[in-house]
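Read off the chains here:
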Amino acid sequence: MAFTLWTLFEATMLCLNAICVLNEERFLAKVGWASWQNVQGFGEPPTVKSQILNLIRSIRTVARIPLIFLNIVTIIVKLVLG
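Predicted model, so just to flag it, every value in this text is computed and none were measured.

The rules behind each value
- Residues numbered from 1 in each chain as written.
- Predicted model: local features only at pLDDT ≥ 70, side-chain atom pairs only at ≥ 80, totals over all residues.
- Heavy atoms only, no water.
- UniProt positions renumbered as here; feature names shortened; annotations may be inferred.
- Helix = DSSP H or I, 4+ residues; strand = E, 2+ residues; numbered from the N terminus.
- Patch = residues over 30% accessible without salt bridge, like charges linked within 9 Å, V, L, I, M, F, W, Y side chains within 5 Å.
- Areas by Shrake-Rupley, 256 points an atom, 1.4 Å probe, with all protein chains shown as cover.
- Salt bridge = Lys/Arg side-chain N within 4 Å of Asp/Glu carboxyl O.
- Axes fitted to C-alpha atoms, helices over the stretch in contact; angles between N-to-C directions.
- Parallel < 35°, antiparallel > 145°, perpendicular 65-115°, else oblique.
- Left-handed = near helix turned anticlockwise from the far one by under 90°.
- Contact = heavy atoms within 4.5 Å.
- Nonpolar A, V, L, I, M, F, W, Y, C, P; charged D, E, K, R; others polar.
- Phe/Tyr/Trp six-rings, centres within 6.5 Å; stacked < 30°, edge-to-face > 60°.
- Buried < 20%, exposed > 50% of the residue type's maximum accessible area, 1.4 Å probe, protein only.

### Digging into the UniProt feature "transmembrane region" (unreviewed entry) in the protein
Okay, so step 1: UniProt records the feature "transmembrane region" (unreviewed entry) at residues 62–81, using the numbering of this structure.
Okay, so step 2: The distance separating the terminal C-alpha atoms of residues 62–81 is 29 Å; by composition the span is 95% helix and 0% strand.

### What about a nonpolar patch on the surface?
Okay, so step 1: A cluster of nonpolar side chains, Ile65, Ile68, Phe69, Ile72, Ile75, Ile76, Leu79, Val80 and Leu81, forms an exposed patch at the surface whose accessible area comes to about 980 Å².
Okay, so step 2: Relative to the assigned elements, Ile72 resides in helix α4 (residues 64–81).

### Brief notes about the packing of helix α1 (residues 5–20) against α4
Okay, so step 1: α4 packs onto α1 with a crossing angle of 135 degrees between their chain directions and a minimal axis gap of 11 Å. What the angle tells us is that α1 and α4 run oblique. Here α1 and α4 pass one another in a crossing that is left-handed. For the pair formed by α1 and α4, the contact residues are Trp6, Phe9, Glu10, Met13, Leu16, Asn17 and Cys20 on the first element and Arg64, Leu67, Leu70, Asn71, Thr74, Val77 and Lys78 on the second.
Okay, so step 2: For the contact of α1 with α4, the per-class residue count stands at 8 nonpolar, 3 polar and 3 charged.

### Some details on the packing of aromatic side chains
Okay, so step 1: Taken as a whole, this structure holds 1 aromatic pair when the rule is applied.
Okay, so step 2: On the numbers, 5.2 Å between centres and 35 degrees between planes, the contact of Trp6 with Phe9 is tilted. Here the residue Trp6 and the residue Phe9 both occupy positions in helix α1, the gap between them amounting to 3 residues, near one helical turn.
Okay, so step 3: For Phe9, a relative accessible area of 27% gives the class partly exposed.

Structure below.
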């Protein structure tokens, strides 16, 4: 199996899918990564944990609809080309 642009696309799409299906109440809260557990004061620099949580929340917000179409295209290409 060669490392191609298509495999890079599939790997990226699978990682984005994994981030989008993370449930904050079921999974992230159990490991201590819920948004309500991460309260900071005014003027404090954001921690790495809060930046990662913001990144996860942003990816879920922005990439949800495009991922649906990308998944459909990927499934069709896999069905046609094998």
